[in-house]
Amino acid sequence: MILKRLYTDRRVIGVRVLRAKRLQHFSPGLIDGGLAEGWLSIGQGVITIAGEAGPVAYRIVRAPGAYCCHCDAPVGGPERQSPGNDGLTEGQRHARDTHGDTPSPDPLNPAGYRIEAHFTGVLIGDEVETLTREEAAKFDQQVRETLAAKLRAKYGDTRDNAERRRAAKAAAGEG
Ligand SMILES: [Zn+2]
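Draft legend 1. The overall build of the chain, seen in detail. Each helix and strand in the chain was counted, giving four helices and ten strands. If you list the helices and strands of the chain from N to C, you get β-β-β-α-β-β-β-β-α-β-β-β-α-α. Based on the C-alpha atoms only, the size of the chain along its principal axes is roughly 55 × 40 × 30 Å. Across the 175 residues of the chain, 17% fall into the buried class.

Below you can see the structure in the form of structure tokens.
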């Protein structure tokens, strides 16, 4: 999603929705910012952006939480998990009980589950794309470069990261 904040006297008075694709991740920062600035609301399983040209709404299909890397099942809330009496977290217990000795398919999450901080929403209504092709290409390029820089900062620039960059690029393409 691409939003442009609209200002009056340096105060945010709303947003213009430049792009809204079918699937969207809503980070805690985006939600907190939108709530504080008054252009986003959440209720009854829907996140609504009060865009300049009308509301753009997403049905929440996935809440923040822990999810299994093998089968995508929810395995706990969004908080960091602490081990139970058996020394395993809920995510580890699920991975052991359901997937046995199969190694985690996600090398970044060797315990077999990951914690997602974002909401995932599916657009209600039509996609929005008001950028020209050139503007959209430029924006996508910026997103890819930002992601690549973040990954380099987090993991160092090893040969393995070529794979991660490809994955990030594919993820960015989804919106
Ligand atoms: Zn599973």
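From this point, the narrative continues.
Draft legend 2. Up close: the environment of Ala53. Along the chain, the position of Ala53 falls in the loop between strand S5 (46-51) and strand S6 (54-62). Residue classification places Ala53 among the exposed positions, given that 9 C-beta atoms sit within 10 Å. Separated by 37 residues in sequence, Ala53 and Arg16 have C-alpha atoms that sit 7.1 Å apart.

Draft legend 3. The arrangement of the pairing of strand S1 (residues 2-8) in detail. Pairing between S1 and strand S2 (residues 11-20): seven bridges, direction antiparallel. From the neighbouring strand, Thr8 faces S2, where its bridge partner is Arg11.

Draft legend 4. Region of the structure containing the environment of Ile31. Relative to the helices and strands, Ile31 resides in helix H1 (residues 28-37). With 17 C-beta atoms packed within 10 Å, Ile31 lands in the partly exposed category. In this view, Ile31 contacts Phe26 and Leu40; residues no more than four positions away in its chain are not counted.

Draft legend 5. Up close: H1. Counting buried residues along H1, only one of its ten residues qualify, which leaves the element largely exposed. Looking one or two residues beyond H1, the residue adopting positive phi is Gly38, at roughly 85°.

Draft legend 6. Geometry of the nonpolar core. Formed by Met1, Ile2, Leu3, Val15, Val17, Ala20, Trp39, Ile49, Val56 and Val128, the largest nonpolar core amounts to ten residues. Broken down by secondary-structure element, the contributors of at least two residues to this core are S1 and S2. Counting residues per element, this core draws most heavily on S2, which supplies three residues. Other than its neighbours up to four places away in sequence, Leu3 contacts Val15, Val17 and Leu18. In terms of nonpolar packing, the next biggest core, distinct from the first, is built from seven residues, Ala66, Cys69, Ala95 and Tyr113 among them.

Draft legend 7. Representation of helix H3 (residues 133-155) in the model. Counted at 1.5 Å a residue, the expected span for H3 with its 23 residues is 33 Å, and the 33 Å between its end C-alpha atoms agrees. Little of H3 sits inside the fold, with zero of its 23 residues counted as buried. Of the residues trailing H3, Gly156 is marked for its positive phi of about 80°.

Draft legend 8. Region of the structure containing the pairing of S2. Hairpin connection, S1 to S2: the antiparallel pair is bridged by two residues, and Asp9 has positive phi, about 50°. In the sheet, S2 pairs with strand S10 (residues 128-129) via two bridges, with the strands oriented antiparallel. Note that in S10 the partner of Ala20 across the bridge is Val128.

Draft legend 9. View of unusual backbone geometry. Its identity is not glycine, yet Asp9 carries a phi of approximately 50°, on the positive side. Of the residues examined, Asp9 has 5 C-beta atoms within 10 Å and is grouped as exposed. Positive phi outside glycine occurs at Gln44, with the angle close to 50°. With respect to the helices and strands, the residue Gln44 is situated in the loop between strand S4 (40-43) and S5.

Rules used throughout
Residues numbered from 1 in each chain as written. Predicted model: local features only at pLDDT ≥ 70, side-chain atom pairs only at ≥ 80, totals over all residues. Helix = DSSP H or I, 4+ residues; strand = E, 2+ residues; numbered from the N terminus. Buried ≥ 20, exposed ≤ 12 C-beta atoms within 10 Å, placed from the backbone. Pairing = 2+ DSSP bridges. Contact = placed C-beta atoms within 7 Å. Core = buried A, V, L, I, M, F, W, Y, C linked by C-beta atoms within 7 Å. Expected span 1.5 Å × (residues − 1).

All quantities given are derived from atomic positions and should not be read as evidence of function.
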